[in-house]
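# Analysis of the macromolecular model
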Protein chains: 2
Amino acid sequence: MNMELVLRQYKEQIEQQLPAYIESLQAPETIKEAMLYSLQAGGKRIRPLLLLSTLHAFQKPVHIGMPTACALEMIHTYSLIHDDLPSMDNDDLRRGKPTNHKVFGEANAILAGDALLTYAFQVVADAEAISSDVKVRLISELAKAAGPEGMVGGQVADLEGEGKTIHLQQLEYIHRHKTGKLLQYSVRAGAILGEATEKQLTLLTAFADHLGLAFQIRDDILDIEGDEQKIGKKVGSDIENHKSTYPALLTLDGAKRKLRDHMKEARTLLHEVGVDASLLHYICDIVETRDH
Amino acid sequence: MNMELVLRQYKEQIEQQLPAYIESLQAPETIKEAMLYSLQAGGKRIRPLLLLSTLHAFQKPVHIGMPTACALEMIHTYSLIHDDLPSMDNDDLRRGKPTNHKVFGEANAILAGDALLTYAFQVVADAEAISSDVKVRLISELAKAAGPEGMVGGQVADLEGEGKTIHLQQLEYIHRHKTGKLLQYSVRAGAILGEATEKQLTLLTAFADHLGLAFQIRDDILDIEGDEQKIGKKVGSDIENHKSTYPALLTLDGAKRKLRDHMKEARTLLHEVGVDASLLHYICDIVETRDH
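Residues numbered from 1 in each chain as written. Chains lettered and ligands numbered in written order. Predicted model: local features only at pLDDT ≥ 70, side-chain atom pairs only at ≥ 80, totals over all residues. Heavy atoms only, no water.

In the nomenclature of an unreviewed UniProt entry, chain A is known as Farnesyl diphosphate synthase of Anoxybacillus mongoliensis. Under the heading Catalytic activity (unreviewed entry), UniProt records this for chain A: "isopentenyl diphosphate + (2E)-geranyl diphosphate = (2E,6E)-farnesyl diphosphate + diphosphate". Per its UniProt entry, chain A bears the Cofactor (unreviewed entry) comment "Mg(2+)". (UniProt positions renumbered as here; feature names shortened; annotations may be inferred.)

With that out of the way, let us pick up the interface of chain B and chain A. The partner chain A presents 46 residues to the 46 residues of chain B that form the contact. Our enumeration of links across chain B and chain A arrives at zero salt bridges. Scanning the region where chain B abuts chain A turns up 10 residue pairs in polar contact (both at pLDDT 80 or more). Broken down by element, the side of chain B that touches chain A gets its largest block of residues, 13 residues, from helix H6 (residues 106–125) of chain B. Its residues assigned to classes, the side of chain B that touches chain A comprises 25 nonpolar, 13 polar and eight charged. (Contact = heavy atoms within 4.5 Å. Salt bridge = Lys/Arg side-chain N within 4 Å of Asp/Glu carboxyl O. Polar contact = N/O pair within 3.5 Å; in protein donor to acceptor, adjacent residues only side chain to side chain. Helix = DSSP H or I, 4+ residues; strand = E, 2+ residues; numbered from the N terminus. Nonpolar A, V, L, I, M, F, W, Y, C, P; charged D, E, K, R; others polar.)

Turning to the packing of helix H9 (residues 168–193) of chain A against helix H13 (residues 246–272) of chain A, a few remarks are in order. All names here are of chain A. Packing of H9 against H13 brings their axes to within 13 Å, and their N-to-C directions diverge by 60 degrees. Taken together, H9 and H13 sit at an angle that is classed as oblique. Crossing angle aside, the handedness with which H9 passes H13 is right-handed. When H9 is examined against H13, the residues Leu-168, Leu-171, Glu-172 and His-175 are found in contact with a partner set consisting of Tyr-246, Leu-249, Leu-250, Lys-258 and His-262. Among the residues making up the contact of H9 with H13, the classes are represented as five nonpolar, two polar and two charged. (Axes fitted to C-alpha atoms, helices over the stretch in contact; angles between N-to-C directions. Parallel < 35°, antiparallel > 145°, perpendicular 65-115°, else oblique. Left-handed = near helix turned anticlockwise from the far one by under 90°.)

Inspection of every chain in the model, using the stated rule, returns five aromatic pairs over all chains. On the numbers, 6.3 Å between centres and 85 degrees between planes, the contact of Tyr21(A) with Tyr119(A) is edge-to-face. Of this pair, Tyr21(A) sits in helix H1 (residues 3–23) while Tyr119(A) sits in helix H6 (residues 106–125), and the two are 98 residues apart along the sequence. The two residues Tyr21(A) and Tyr119(A) agree in class, both being buried. Here the basic side chain of Lys97(B) rests over the ring of Tyr37(B), its NZ or CZ set 4.8 Å away from the ring centre. (Phe/Tyr/Trp six-rings, centres within 6.5 Å; stacked < 30°, edge-to-face > 60°. Buried < 20%, exposed > 50% of the residue type's maximum accessible area, 1.4 Å probe, protein only. Lys NZ or Arg CZ within 6 Å of the ring centre and 35° of its normal.)

The next point concerns the packing of helix H13 (residues 246–272) of chain B against helix H14 (residues 278–289) of chain B. Residues and elements named next belong to chain B. Put simply, H13 and H14 touch, their axes get as near as 11 Å, and they point 180 degrees apart. As the angle between them shows, H13 and H14 are arranged roughly antiparallel. Within the contact between the two elements, H13 uses Leu-259, Arg-260, Met-263, Arg-267, Leu-270 and His-271 and H14 uses Leu-280, His-281, Cys-284, Asp-285, Val-287 and Glu-288. Looking at the contact of H13 with H14, its residues break down into six nonpolar, two polar and four charged.

This part takes up the relation of the copies chain B and chain A. Copies of the same chain, two in number, are related to each other by a rotation about an axis and a translation along it. With an RMSD of 0.0 Å, the operation that places chain B on chain A is a rotation of 180 degrees combined with a shift of 0.0 Å along the axis. Overall, the copies show the geometry of a two-fold rotation axis. Residue Ser132(B) of chain B places its C-alpha closer to the rotation axis than any other residue of that unit, at 2.7 Å. A share of 100% of the interface residues of chain B reappears at the interface of chain A, consistent with the copies meeting face to face through the same patch. (Least-squares fit on C-alpha atoms with pLDDT ≥ 70 in both.)

See below:
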């Protein structure tokens, strides 16, 4: 199996399906354009790819996971639109393109985020080829991962920590919630759809926790060592903004060591699941060595 | 049956349950406070009351409808928080109290809205005593009513119509979506939980459409004839803001006539459902004559 090719094909399928979901909406053109603009602004599609790769490990066809994979990308995209707003991070550019509110205005950007978040639940609820019991579980866990006990909670904690010196424990709370819970959900959703045993689900949940923290540490390292062209934003902005990061708390070498430790744990857990998780192992390699 | 008493008891139960849902969250205190602040800012609770009153017509116990009723109020509340933001209506007061962003800041207000919207779906998904098939239907319809094809779409259309002369048809599009779809959902959810036949569901959907438009017309009339003390905001603000309203398009008398016509239709449809819908009839009386 050529893993790079499989993941590229998954990515293409996701990027075909996302606009199809938006085009099918009976809604004012402005909101559809604003939703589509940010959905099509590129990105690694790491969440849907994690879901589909986990599903692959359980030998299930892609179409079973596609609605939930797209829902995940919608929720991730809504969070970026709201994060970029003037009252939040006040970013004018995202991946080298003007942010949603710069193009559509602040009111429409807020509404486009609201629309993507809401529609994500509709997409899962309306998915074909999934039982109602599984849908209810997927929806409940998605809301928990994205809401006040997950991503939104992490964002609030992040805002509260701004400009303050925080400890490693608080930094991990922020990352586990702000980005970790949704990454973890991506793997769990794939496993649930793949009919994993509870034991496998537990192992994959722990795997995803390590992967999520590693993902964030790599982000912090790239902000110091990265290539501005490749990451699409200014390097050194974390230091400039006095942001608490792993390198700031652990030194750059310490952060690199922590990244390696998390990836080692992640890979060990993944082996214990007892399935052919070669796509997930490949994603581990990407997370550890990515340059953007 | 003392209908005023029954509705008051429903309202008390809703207002007990809402904070219980928030308190059970494992989340930063700030976000819980911000969510609770707006949930407890008062209001008529018309959406949950419509749901429970419809359920009552089908002789089902309250507890079956309570999670979805609370989810409705969470989604309504999130929409008010986001509507009040500086980039939207820029309101400092809501029901005589400072708006969410005035108390918690704009970033937390956006996040509190996001959190309420997300949590609403979790509350329905985790509801007890409802089958998974029914939950999936409730969630799908809730997302459709609240999202780009419903409330959010109406809000976008409303923003686009600002400062322009719009026709009655456009005004009805805005109201049918901005407020109508969620009101309609309230009745539909009660009917679905009450195991209504498809025929009854169709009648109740049409009933709720008329009720929703009537509700909005009454709102517009109150902005001209209302008592500032009772409605909790300045009278005449629609005219001041050059807002398109029913009285502006139809004259005040024409708007009153249209209100009566919609209520007559609503009541006729309600009779055809063939259940004891006395609570819903009582709500019709309130909507037609309310002074706040």
